Amino acid sequence: MTAQPDTTLYRAGKFVRRHRLAVGASLLTTLAVIAALSLSVVQTIEATRQKERAEQEAKLRGQMTDFVTHLLSQYAPSDKPITTAELLKIGIQKVPTVFADDPVTASRMTQRLAEHLMTVRGHGEDALAAQMQAIEQARKAGDDAQLVDATSFLADIQIRLAKTDDASRSLKEAADLLQRIPNRHPRRSELEDNLLQDQAMVATITGDAPLASKTADALVARRNRFASASVADEIAAWNRISLAYNTAMRYSDALAAHDKSWPLFRSAALTDGQEAISDHVTRLTSLLDARDPGSAVRFIEEQIKPNSKVPLQQLPNQLLSRIIRSYATHGDVARARELLEARLASLDRSKPVPLSIALAHFELCMVQGDATCTSKLEAEAARNFEVAHRAPQLVVGRHWVTASSARAAGQADRAMRAIETGVREIAANVSAPSPYYAPLLLERSRLQLAAGDAALGRKSARDALDYLQRHQRYDPLRCLWRGDLLLVIAQAANTLGASDESAVARREAEQIFRNVLTTAAADTRLQR
């Protein structure tokens, strides 16, 4: 027999074997302490970064205030009022001189002025030129962090000016520059977040659903760990997350993101500002695309009306149009008509009706079954999709307008041509699902059923339901499209003698109608 040497490792192993439970418990406790300590260290580092960023922002705000005071005292004309745009342009011109010895501050100041100039209607190109100046100042300073920030914000401006190809190139350049920034840099987290937000916006505008979904998930994960330094930044982030999820038809996730931003509006007393208007538009867009008018109307009644300082009919067109569409689709035709007529009465009759209002009017006429009205408004309603969107899966909505109008007018061949054109366009855009695929197939199934081909009508409706199940993330019992498709299946199955299938489809359709429509509107649908 040979004895093992009496080493420290041998004694330790022997101790562990004799006291497995105690050692295991101690190990788990130690690991938990290490994990908690690691998290605490990370949070402390991030808190330090946010404190440094807040101090930098406070310093920049002070410099901005002093600089604007300087501009007003030195360069504002004494014989006439100066406009905001004129003051901002003078500031952009004078920044290189005033901050000649501090190119980093010059860059950040120019960027801030460009940001304000971008909000002045008709001065987008001026803001773009100013931001190019900010980038050159950052290069002159040799400050990689400011160069990343300036290049990323350039992409933001390019996005808003519909220069999506330029924005994509700028974002790629910013992402490459970001690799130079050490992880310990106080602005690293902020720069990563800004870059992700701009990538999400490019994906949203171009309709790149996979990228939109990926960047939105990344932004949510970041928000679950750390919040932005300011409420305004956090609100903007959640709004972009919501828009990105819309692009991927992840409506439940989009609404969850909105649920994060709306309390921030209330806490900061911003519930009636322009940012809140944009936030309302985003939420109602999610609900209308998901085809849940019941939840849309509830949000209008519980959140928009109580927090708005003006009557609903005085709200901006982009929001009011969605409010009208919500009431109309919900079945409250009288309220929708009241709001529409109030807006139409306030417009200049010598100018065209805003396209978003024309689309709302079109949907109201569809609900009322007024074929003459829908035919009259068809061209303007369809053009709204071409002007308001650049994402192919949304532009295709124009074919849904044409198909719906043509079917209502009894023009089956024209309606079918519009449907098939829309379906082909969606199929060609393989990178993104479209919220208008199911509505197009709904129109096709109705045409087939009316033509006496119940089997084909049922198949088209089933194909549409399958598409919604695969692509749309939303409560299926609150999607009006599904209710209408199930009603087609019930009618087709009844014609084909499949009474059990018909009864099951009709029961589910009724449940959906009761969830999202007024009682009268649900009853009317079920009587078809």
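Predicted, not measured: the structure shown is a model, and the values here were computed from it.

## Structural notes on the overall build of the protein
Moving on, step 1. Along the protein, the regular secondary structure elements total 25 helices and zero strands.
Moving on, step 2. Put simply, the protein has 528 residues, and 47% of those count as buried.
Moving on, step 3. Long-range pairs, those at least 24 residues apart, make up 64% of the contacts in the protein between residues at least 6 apart in sequence.
Moving on, step 4. When the accessible area of the protein is evaluated, it comes to approximately 25,700 Å², of which 53% is carbon and sulfur surface.

## Focus: the packing of aromatic side chains
Moving on, step 1. Here the structure, examined in full by the defined rule, presents four aromatic pairs.
Moving on, step 2. Between W400 and Y436 the ring centres are 5.9 Å apart and the planes differ by 35 degrees, which places this aromatic pair in the tilted class. In this pair, W400 sits in helix α19 (residues 397-408) while Y436 sits in the loop between α20 (412-428) and α21 (437-450), placing the two residues 36 residues apart along the sequence. For the pair shown, W400 and Y436 are each scored as buried.
Moving on, step 3. Their ring planes at 85 degrees and their centres at 6.1 Å tell us that W400 and W481 sit as a pair that is edge-to-face. Linking W400 in helix α19 with W481 in helix α23 (residues 480-495), this pair joins segments that are 81 residues apart in sequence.
Moving on, step 4. Over the ring of F299 we find R283; its NZ or CZ atom is 5.0 Å from the centre of that ring.

## Topic: the nonpolar core
Within soluble globular proteins, side chains that are nonpolar generally end up buried alongside one another.
Moving on, step 1. Within the largest apolar cluster, 48 residues are counted, with the highest numbers of intra-cluster contacts made by V401, L485, F513 and L517.
Moving on, step 2. Among all residues touching V401, those that are not within four sequence positions of it are L359, F362, E378, A381, A382 and F385.
Moving on, step 3. Within the second largest apolar cluster, 36 residues are counted, among which are A106, M109, A145 and A150.

## Considerations on helix α25 (residues 519-526)
Every α-helical turn comprises 3.6 residues, leaving residues that sit three or four positions apart pointing alike.
Moving on, step 1. Every buried residue belonging to α25 is among A521, A522, R525 and L526, and all of these are buried. The arc that holds every buried residue of α25, seen down its axis, measures 130 degrees, which confines them to one face. Along α25, exposed side chains directed more than 90 degrees from the buried face belong to T519 and A520.
Moving on, step 2. Contacts made by the buried residues of α25 are with α14 (317-330), α23 and α24 (499-516).

## Brief notes about the packing of helix α17 (residues 371-388) against α19
Moving on, step 1. Put simply, α17 and α19 touch, their axes get as near as 8 Å, and they point 175 degrees apart. As far as their axial angle goes, α19 and α17 are roughly antiparallel. Residues A371, T374, S375, E378, A381, A382, F385 and E386 of α17 form the contact with α19, whose own contacting residues are G397, R398, V401, T402, S405 and A408.
Moving on, step 2. Classifying every residue of the contact of α17 with α19 by side-chain character gives six nonpolar, five polar and three charged.

## Comments concerning the state of the cysteines
Moving on, step 1. Tallied over the full model, the rule gives one disulfide.
Moving on, step 2. The disulfide partner of C365 is C373, and the S-S distance across this bridge is 1.8 Å. Classification of the bridge connecting C365 and C373 rests on its S-S torsion, roughly 40 degrees, and on that basis the disulfide is right-handed.
Moving on, step 3. Judged by relative accessible area, C365 falls into the buried class, the value being 0%.

## Things to note about unusual backbone geometry
Moving on, step 1. Of note in this structure, M249 is not a glycine but carries a positive phi near 60 degrees.
Moving on, step 2. Position of M249 relative to the elements: it lies in the loop between α10 (231-247) and α11 (251-267).
Moving on, step 3. When its relative accessible area of 1% is taken as the criterion, M249 is described as buried.
Moving on, step 4. Positive phi, normally seen in glycine, also occurs at R291, with a value near 60 degrees.
Moving on, step 5. Here R291 lies in the loop between α12 (274-289) and α13 (293-307).
Moving on, step 6. The class for R291 is buried, based on a relative accessible area of 10%.

Reading guide: rules and limits
- Within each chain, residues carry numbers counting from 1 in the order of the written sequence.
- The predicted origin of the model limits local features to residues at a pLDDT of at least 70 and limits the giving and counting of side-chain atom pairs to 80 or more, whereas totals for whole chains, interfaces and linings rest on all residues.
- Calculation of side-chain values draws on the structure's entire complement of heavy atoms; hydrogens and water are dropped beforehand.
- Only DSSP runs of H or I with at least four residues qualify as helices, and only runs of E with at least two residues qualify as strands; both kinds are numbered from the N terminus onward.
- Only protein chains enter the accessibility calculation, which uses a 1.4 Å probe; a residue whose area is less than 20% of its type maximum is buried, one above 50% is exposed, and one in between is partly exposed.
- Residue contacts are counted whenever heavy atoms from the two residues lie within 4.5 Å of one another.
- Values of accessible area rely on a 1.4 Å probe in the Shrake-Rupley scheme; residue burial ignores everything except the protein chains shown.
- Stacked, tilted and edge-to-face pairs are distinguished by plane angle, under 30 degrees for stacked and over 60 for edge-to-face with tilted covering the rest, among Phe, Tyr and Trp rings (Trp via its six-membered ring) whose centres lie within 6.5 Å.
- Two limits define a charge over a ring: the Lys NZ or Arg CZ must be within 6 Å of the ring centre, and within 35 degrees of the ring normal.
- We call a set of buried Ala, Val, Leu, Ile, Met, Phe, Trp, Tyr and Cys residues a nonpolar core when their side-chain atoms join them within 4.5 Å.
- Regarding the arc, it is the one traced by the directions from the helix axis to the C-beta atoms.
- Between N-to-C directions, angles cover 0 to 180 degrees, with each direction set by a line fitted to C-alpha atoms, over the stretch in contact for helices.
- Roughly parallel refers to an angle under 35 degrees, roughly antiparallel to one over 145, roughly perpendicular to one between 65 and 115, and oblique to any angle outside these ranges.
- Three classes are used, and their members are as follows: Ala, Val, Leu, Ile, Met, Phe, Trp, Tyr, Cys and Pro are nonpolar, Asp, Glu, Lys and Arg are charged, and the others, Gly among them, are polar.
- Two cysteine sulfurs form a disulfide in these notes if their separation is within 2.5 Å.

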